[in-house]
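Observations on the model geometry
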Amino acid sequence: MHGSKFRPWIIPVGLEMNILGTPSDAVSVLNSGMQFGGGVEYELYRGIVLGADTRYHYSTSNLDGTPTDGLNAGGYVGFKF
């Protein structure tokens, strides 16, 4: 899609390190995991893009029996250079 204003993208797999804790002085836990995702970008004007993405976070362990896996989505305005 070279030269197109519309550009999809994917994250096949990404390594992530998560620090899970509370905003108090309680103990924080380091948790590793993987991330998968995809999104789209549309070039509004030369060098300015509008995009949206969704990502799934897979953690290798639970925090005190609570699963920490999750799905999130977001949008953004970016600059290409």
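Described in the following lines is the structure provided in the data block. The shown structure was predicted, so the numbers you read here are calculated from the model rather than taken from an experiment.

Reading guide: rules and limits
Residues numbered from 1 in each chain as written. Predicted model: local features only at pLDDT ≥ 70, side-chain atom pairs only at ≥ 80, totals over all residues. Heavy atoms only, no water. Salt bridge = Lys/Arg side-chain N within 4 Å of Asp/Glu carboxyl O. Helix = DSSP H or I, 4+ residues; strand = E, 2+ residues; numbered from the N terminus. Buried < 20%, exposed > 50% of the residue type's maximum accessible area, 1.4 Å probe, protein only. Contact = heavy atoms within 4.5 Å.

1. Things to note about the pattern of salt bridges
When their charged atoms lie close together, side chains carrying opposite charge are able to pair. If you walk through the whole model with that rule in mind, you get two salt bridges. A salt bridge links lysine 80 to glutamate 43; the shortest N-O distance between them is 3.7 Å. Residue lysine 80 is located in the segment after β4 (70-79), and its partner glutamate 43 is located in strand β2 (residues 29-45); the two are separated by 37 residues in the primary sequence. Judged by its relative accessible area of 40%, lysine 80 is partly exposed. Ionic pairing is found between aspartate 53 and arginine 55, a salt bridge with its closest N-O pair at 3.5 Å. Judged by relative accessible area, which is 24%, arginine 55 ranks as partly exposed.

2. Describing the environment of aspartate 53
Examined against the element boundaries, aspartate 53 turns out to sit in strand β3 (residues 48-59). Residue aspartate 53 is classed as buried on the basis of its relative accessible area, which comes to 17%. Taking the C-alpha atoms as reference points, aspartate 53 and serine 28, separated by 25 residues in sequence, lie 28 Å from one another. Not counting chain neighbours up to four residues away, the residues in contact with aspartate 53 comprise Trp9, Gly38, Gly39, Asn72, Ala73, Gly74 and Tyr76.

These values are about where atoms sit, not about what they do.
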